[in-house]
Amino acid sequence: MAASSRAQVLRLYRALLRESQRFSSYNYRMYAIRRIRDAFRENKNIKDSGKIEELVNKAKANLEVIHRQV
């Protein structure tokens, strides 16, 4: 994975976790954090740039959803 792509993914990961911390309900907050961590760990070994781009776009959409929900 290119360095810029790796940095982009890490920024997205931190943004998702940071935004999830803003849920007022403990259960929603912990569920969101657990799902984010599990998804990133599950996909950490993917090397295909097309698949990485698809996953990044999906994560960005999920970030927008979390942002609206908070």
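Residues numbered from 1 in each chain as written. Predicted model: local features only at pLDDT ≥ 70, side-chain atom pairs only at ≥ 80, totals over all residues. Heavy atoms only, no water.

Under an unreviewed UniProt entry, the chain has the name LYRM4 protein and belongs to Probosciger aterrimus. If you open the UniProt record of the chain and go to Sequence similarities (unreviewed entry), you find "Belongs to the complex I LYR family." (UniProt positions renumbered as here; feature names shortened; annotations may be inferred.)

Asks: Help me understand the packing of helix 1 (residues 3–20) against helix 3 (residues 49–69) in this model?
Replies: Closest axis-to-axis distance for the helix 1/helix 3 pair is 10 Å, and the angle between their directions is 25°. What the angle tells us is that helix 1 and helix 3 run roughly parallel. Crossing of helix 1 over helix 3 shows left-handed handedness. Listed contacts from helix 3 to Ser5, Gln8, Val9, Leu12, Ala15, Leu16, Glu19 and Ser20 of helix 1 are Ile52, Val56, Ala59, Lys60, Asn62, Leu63, Ile66 and His67. Split by residue class, the contact of helix 1 with helix 3 holds nine nonpolar, five polar and two charged. (Axes fitted to C-alpha atoms, helices over the stretch in contact; angles between N-to-C directions. Helix = DSSP H or I, 4+ residues; strand = E, 2+ residues; numbered from the N terminus. Parallel < 35°, antiparallel > 145°, perpendicular 65-115°, else oblique. Left-handed = near helix turned anticlockwise from the far one by under 90°. Contact = heavy atoms within 4.5 Å. Nonpolar A, V, L, I, M, F, W, Y, C, P; charged D, E, K, R; others polar.)

Asks: Help me understand the packing of aromatic side chains in this model?
Replies: The geometry of an aromatic ring pair comes down to the distance between the two centres and the angle between the two planes. In the structure shown here, the tally under the stated rule is two aromatic pairs. Ring centres of Phe23 and Tyr28 lie 6.3 Å apart, and the angle between their planes is 45°; this geometry places the pair in the tilted category. By relative accessible area, Tyr28 is classed as exposed at 57%. (Phe/Tyr/Trp six-rings, centres within 6.5 Å; stacked < 30°, edge-to-face > 60°. Buried < 20%, exposed > 50% of the residue type's maximum accessible area, 1.4 Å probe, protein only.)

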